Amino acid sequence: MALIDWGQLAAERLTEIAKISEDGPGVTRLPFTREHADALALIEGWMRDAGLETHLDAAGTLVGRTSFTGASQTLYMGSHQDSVRHGGAYDGIMGVALPILALKKLSSEGKTLPFNVEILAFADEEGVRFPTALIGSRALAGTYDPAVLHLKDRDGISIDKAMRAFGLSPENIPKLKRNNNQALGFLEVHIEQGPMLQDEDLSLGVVTAICGIERHSVTFHGVSGHAGTLPMRNRQDALVGASKLISFVHELALNTEHLRATVGALDISPNVVNSVPDEARLTVEMRAPDDAIRAEAAQKIEDQAKEIADRHGLTISYDKTYAQPAQQCADSLTQPLSKAVEAQLGRTLALPSGATHDASAMADLGPMAMMFVRCKDGISHNPEEYAAPSDMGDAVHALASFIENLAKTV
């Protein structure tokens, strides 16, 4: 059998599936659409080429499973097929393609495993078409909420209607829950979406945790007035209060290890050139791999916001609008994964994931781990997104070694 360049094969497959997209720059592939169906047909071919048995479940997840051997335990791997609008060719879909190639590699070498493996191509991680996400992974983990079926896209089509038009039976989604006691765990491979691996000149990294997220809505209330006649000392300028909080948030994150904090939205009123703003509404988002770090930062930001309001004669509305706990990666998977990466590269880098992934939902099923692949300049959600074939080749070799390492512990 001729030697296979696994990285080049991965690149060819990802280039081919990137063509399955709505018109426009980059890749736009949304769940339960014609593009989704066409992508599944191609992915199913990849799975069968690796000797996997395939089926589409009620949540729209394409499942490729190793032939039944009587084993009771299952290792899950995979990621999502969907993209953001005008996204790249690697985010999500690479995490489907590479594990399939790793199983193809092991099969070509005559390797057998003491457990089952399922490769999962989830439908809806990005949350672009509908105002929710992770239905497929939550269904397997048993945390799916049927109420989301009523949510609609911008054309007024509900998730329930879109699924049924796709040939699915969403009433059967609750039946998809896997047995926690039989799950060896879930491994997701993903481009890093950051520059750390590039800075360290490494193709691969091992994730330590998926960061928790907390979002606050903050409004400073002041008093408007004529910009030319209201004395500076008498002003109750809501935007001044907001600006001081924005600076505090930025400085706090700069000086707190592992914390990311962002003011991503700002709206002021009356928003005219010659009036003092009487209202400034902003959002604060915090992310950290340790919930204690995030909680401490959230309290400091809230205390500072109230202090700023008092100092400038303002009142304040402050509400927590969203919270998602951090998910720690499991030693039972990260240890054999780190060993595999180190064998491939000579060393490894441990780093957190600041973005949410299907792995964060699958952590409710059992142990979870992630492996990052270097992406050029950390660019993601962009047509310029790129992972080199050689890096993806390293990933395929490391994944195959990880599976073999894990087999020795079962």
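A.B. asks: Lay out the overall build of the protein with the relevant residues and their values.
C.D. replies: Check the secondary structure of the protein and you find 11 helices and 14 strands. Relative to the compact-globule value of 22 Å for 410 residues, the protein shows a C-alpha radius of gyration of 24 Å, a close match. Its C-alpha atoms give the protein principal-axis dimensions of roughly 85 × 50 × 40 Å. Here the protein holds 410 residues, and the buried ones make up 53% of them. Expressed as a percentage of contacts within the protein between residues at least 6 apart in sequence, the contacts between residues at least 24 apart total 79%. Of the roughly 17,600 Å² of accessible surface on the protein, a fraction of 48% belongs to carbon and sulfur atoms. Across the protein, the 36 positively charged side chains and the 54 negatively charged ones have centroids separated by 2 Å.

A.B. asks: Account for the pattern of salt bridges, naming residues and giving values.
C.D. replies: One pass over the full model with this rule turns up 28 salt bridges. Two residues, Lys-111 and Glu-404, come together in a salt bridge whose shortest N-O distance is 2.9 Å. With Lys-111 in the loop between helix 3 (94–108) and strand 4 (116–122) and Glu-404 in helix 11 (residues 389–407), this pair connects stretches of sequence that are 293 residues apart. Here Arg-287 ties to Glu-285 by a salt bridge, and the two come within 2.8 Å at their closest N and O atoms. Taking the relative accessible area as the measure of exposure, Arg-287 reaches 17% and is therefore buried. Residue Glu-285 is classed as buried on the basis of its relative accessible area of 17%.

A.B. asks: Any details on the nonpolar core? Residues and values, ideally.
C.D. replies: Ile-43, Met-94 and Leu-98 are the most contacted members of the largest nonpolar core, which totals 100 residues. By size, the runner-up hydrophobic cluster in this structure holds 24 residues, among which are Val-218, Val-249, Ala-253 and Leu-282.

Reading the values: rules and limits
- Residues numbered from 1 in each chain as written.
- Predicted model: local features only at pLDDT ≥ 70, side-chain atom pairs only at ≥ 80, totals over all residues.
- Heavy atoms only, no water.
- Helix = DSSP H or I, 4+ residues; strand = E, 2+ residues; numbered from the N terminus.
- Rg over C-alpha atoms; globule rule 2.2 N^0.38 Å.
- Buried < 20%, exposed > 50% of the residue type's maximum accessible area, 1.4 Å probe, protein only.
- Contact = heavy atoms within 4.5 Å.
- Areas by Shrake-Rupley, 256 points an atom, 1.4 Å probe, with all protein chains shown as cover.
- Lys, Arg positive; Asp, Glu negative; His and termini not counted.
- Charge placed at Lys NZ, Arg CZ, Asp CG, Glu CD.
- Salt bridge = Lys/Arg side-chain N within 4 Å of Asp/Glu carboxyl O.
- Core = buried A, V, L, I, M, F, W, Y, C linked by side-chain atoms within 4.5 Å.

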